[in-house]
Amino acid sequence: FMVLEWYKKNTIYQIYPRSFKDTSGNGIGDLRGIIEKLDYLKSLHIEIIWISPIFESPNKDNGYDVSDYCAIMPEFGNMDDFDELLDIAHSKGLKIVLDLVPNHTSNEHKWFKNAKTSVDNKYRDYYIWKKPKADGGPPNNWPSFFGGPAWTLDESSGEYYLHLFTKYQPDLNWENPKVREEIYKAMRFWLDKGVDGFRMDVVTLLSKDLSFKDVDLNIGFRKIIEDHYANGPKIHDYLKEMNDQVMQHYDAFSMGEGVGITPENAHLYVGADRKELDMIYHFDILENNILDGKYEEVTSFDLLQLKQVFRNWQTVFENKGWIANALGNHDFARLVSRFGNDKNYRTESAKMLVTMMATQNGTLNIYQGDEIGMTNIHLDDIDKVNDIQALNFYVENLETKKFTSEVALQMINNEGRDNARTPMQWDNSEFAGFSIIKPWLQLNPNFTDLNVLNQSQDRNSILNYYKKLFSVKKDYDIFSYGSYEEFEKQNKYIYMYEKMLNDQKMLVILSFSNLEIVIDYKIKKLKTYKLLLNNYNFVNIDNYKITLKPFQSLVYMSN
Ligand code: TEU
């Protein structure tokens, strides 16, 4: 038996502030927009709000390039707005989690600007500099996450600086104790205000392979991350220190973005006795059909593989660790378009997908707009693409000609991050109730029909299903935790499992099929169970079999 801490059983709702709600009329979402929607969030029965970065930033990567960790991005409002947001959220029983970006800063951060002035500058060692190879090229062959090399030459000193993301995001040198203390100071600044935790951006990258040797590019980008960028020799020292110096002194939790973690090493980050992070999320679900990072080879969605991923990660719980689960976020295409059917069964598949996620062990993360089943957007011209990852890929591809430009644009449409970043669709007014002027990123034209207002008036909407699901989930720890037995293991279309916690049992039946599917099951037993959730208004069941409608999902509870 285990009593779950609040942050384990609560549901986290991720806000991408730029696209959530604009109140100032600049076409960009803002903090007052979040305040305005707190009652809406409360009505969803979520308890924790994670807000993507709100700090001062030149926005080369929409806030993931921070130029001041303790200042609010002026486009989003000011510190008074933030204090008010935190106060009102708390008074409504909602927790606020900020997005800490400790691996890199913006190249416009004063530390980097100083560091660039000379090799003797006291900020020089805040970043990672290396001399060129004999031929003048970068110190090693590391590729960056967003295309091109991970090194850029600083002309004035003749040295290269490391950036695992864009050249506008130089990596901080965590070997330097001053850097660590600066980040801890910023964390305390927000925690002293009362924030309830941090989502920690690419936190596994804080310690890298310090040999800085060339890597074997043939092992593929995922493996390069795992072996050389993430999980470095000092990572656990840093995270222990961070916990010791900062987190343990507050009633706040940490959720790491676990790029490059595996089921084998995850518990080292989140084991109950490790005193490092409270939870971490991995990329095996998010990258289901993405074999080796974006804009490489993709396969079609494979349920057998997804089931295997969930199975693999149970070892973390056996090792007394804890993970968070997400099927979508601001870095991936919309989940109903990727894993469901956004043409014919949008409502049904969106409900089924959240049912799967909400019944998996771990803490559930949901992403803004998924509660109404927002879909991918179709962009017919590269000029309409905003995301730097997609643009870098497109430009690089013009040179390498690996794909035709048409295919490259198609890949961006399928996988690109803009899909998840189109403005929130509140109603069917001119700018979807998001803003009073043309938003910073184009709206998905389907907002006229697909929006919060419509769905709040429809008893059978995705939105109302989310509300019901999360309200029920509050009453049962078994949603977030329990042992786990699977049926129909080899079935490519059905995902079916029974969870057990203490003397309670929960049976989950999920169809990933566009067609009706009949399954046999010892149905008699079900007569003593209560049907808790169903994404249709009926279930076709007799003594021996259930005939599932397309994308039907059922949750039965033993008592
Ligand atoms: O993402 C890190 C990360 O690994 C993703 O970039 C991911 O690999 C990619 O999107 C999948 O194709 C975090 C943030 O979530 C992302 O928005 C930032 O751009 C990135 O870090 C840099 O801070």
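Residues numbered from 1 in each chain as written. Predicted model: local features only at pLDDT ≥ 70, side-chain atom pairs only at ≥ 80, totals over all residues.

- Per an unreviewed UniProt entry, the chain goes by the name Alpha-glucosidase and belongs to Psychroflexus longus.

**Remarks on the sheet that holds strand β7 (residues 151–154)**
So, step 1. Judged by pairing direction, the sheet is antiparallel, and its 3 strands sit side by side in the order β6-β8-β7 without closing on themselves. Every interior strand has two partners, whereas the edge strands, β6 (129–130) and β7, have only one.
So, step 2. Looking at chain direction, β6 and strand β8 (residues 159–162) are connected through 2 bridges and run antiparallel. Within β8, the position partnered with K130 by the bridge is Y160. (Pairing = 2+ DSSP bridges. Helix = DSSP H or I, 4+ residues; strand = E, 2+ residues; numbered from the N terminus.)

**A few points about helix α17 (residues 462–473)**
In an α-helix, one full turn covers 3.6 residues, which means residues spaced three or four apart are oriented alike.
So, step 1. Here α17 contains 12 residues, and its C-alpha end-to-end distance of 16 Å stays within 8% of the 16 Å for a straight helix at 1.5 Å per residue.
So, step 2. Every buried residue of α17 is accounted for by I462, L463, Y465, Y466, L469, F470 and K473. Angularly, the buried residues of α17 cover 160 degrees about the axis, an arc narrow enough to put them on a single face.
So, step 3. Along its buried surface, α17 packs onto α13 (346–358), α16 (452–456) and β18 (530–534). (Expected span 1.5 Å × (residues − 1). Buried ≥ 20, exposed ≤ 12 C-beta atoms within 10 Å, placed from the backbone. Arc of directions from axis to C-beta. Contact = placed C-beta atoms within 7 Å.)

**As for the nonpolar core**
So, step 1. Judged by nonpolar contacts, the single largest core of 142 residues is most densely connected at I49, V270, I280, I323 and L353.
So, step 2. Within the second largest apolar cluster, 8 residues are counted, among which are Y295, A390, F393 and L409. (Core = buried A, V, L, I, M, F, W, Y, C linked by C-beta atoms within 7 Å.)

**A closer look at the site of the ligand**
So, step 1. D61, Y64, V101, F145, F165, D201, V202, E257, V259, K294, H330 and D331 make up every residue found near the ligand.
So, step 2. Of the residues assigned to the shell around the ligand, the class counts are 6 nonpolar, 1 polar and 5 charged. (Near = placed C-beta within 6 Å. Nonpolar A, V, L, I, M, F, W, Y, C, P; charged D, E, K, R; others polar.)

**A short note on the sheet that holds strand β19 (residues 540–541)**
So, step 1. An order of β17-β20-β19 is seen for the 3 strands of this open sheet, with the pairing classed as antiparallel. The strands lining the two open edges of the sheet, one partner per strand, are β17 (517–520) and β19.
So, step 2. The pairing of β17 with strand β20 (residues 545–548) spans 4 bridges and is classified as antiparallel. Note on β20: the bridge partner recorded for I519 is I546.

**Regarding the pairing of strand β14 (residues 483–487)**
So, step 1. In this sheet, strand β15 (residues 494–501) lies alongside β14 in antiparallel orientation, the contact comprising 5 bridges. Residue F487 lies in a different strand from β15, and its bridge partner there is M496.
So, step 2. Linkage of β14 to β15, two consecutive antiparallel strands, is achieved through a turn of 6 residues, within which E488 is found at a positive phi near 50 degrees.

**Some words on helix α4 (residues 79–91)**
So, step 1. The first and last C-alpha atoms of α4 sit 18 Å apart over 13 residues, in line with the 18 Å expected at 1.5 Å per residue.
So, step 2. Packing partners of the buried residues in α4 comprise α2 (31–36), α3 (38–43), β2 (48–51), β4 (68–72), β5 (95–100) and α6 (177–193).
So, step 3. Downstream of α4 by one or two residues, G93 has phi in the positive range, about 80 degrees.

**Details of the domain arrangement of the chain**
So, step 1. Taken domain by domain, the chain consists of domain 1 (7–105 + 179–470), domain 2 (110–162) and domain 3 (482–557).
So, step 2. Every contact between the two is made by 13 residues of domain 1 and, on the other side, 12 residues of domain 2.
So, step 3. If one sorts the elements of the side of domain 1 that touches domain 2 by residue count, helix α14 (residues 388–400) sits on top with 5 residues.
So, step 4. Of the residues contributing to the side of domain 1 that touches domain 2, the split by class is 7 nonpolar, 3 polar and 3 charged. (Domains from an automatic or database assignment.)

**Looking at the pairing of strand β13 (residues 363–367)**
So, step 1. In terms of burial, β13 is largely enclosed, as 5 of its 5 residues are buried.
So, step 2. Neither face of β13 is exposed, since T363, N365 and Y367 on one face and L364 and I366 on the opposite face are all buried.
So, step 3. Where strand β12 (residues 324–325) lies against β13, 2 bridges are found, and the strand directions are parallel. Looking at β13, one finds that A324 is bridged to T363.

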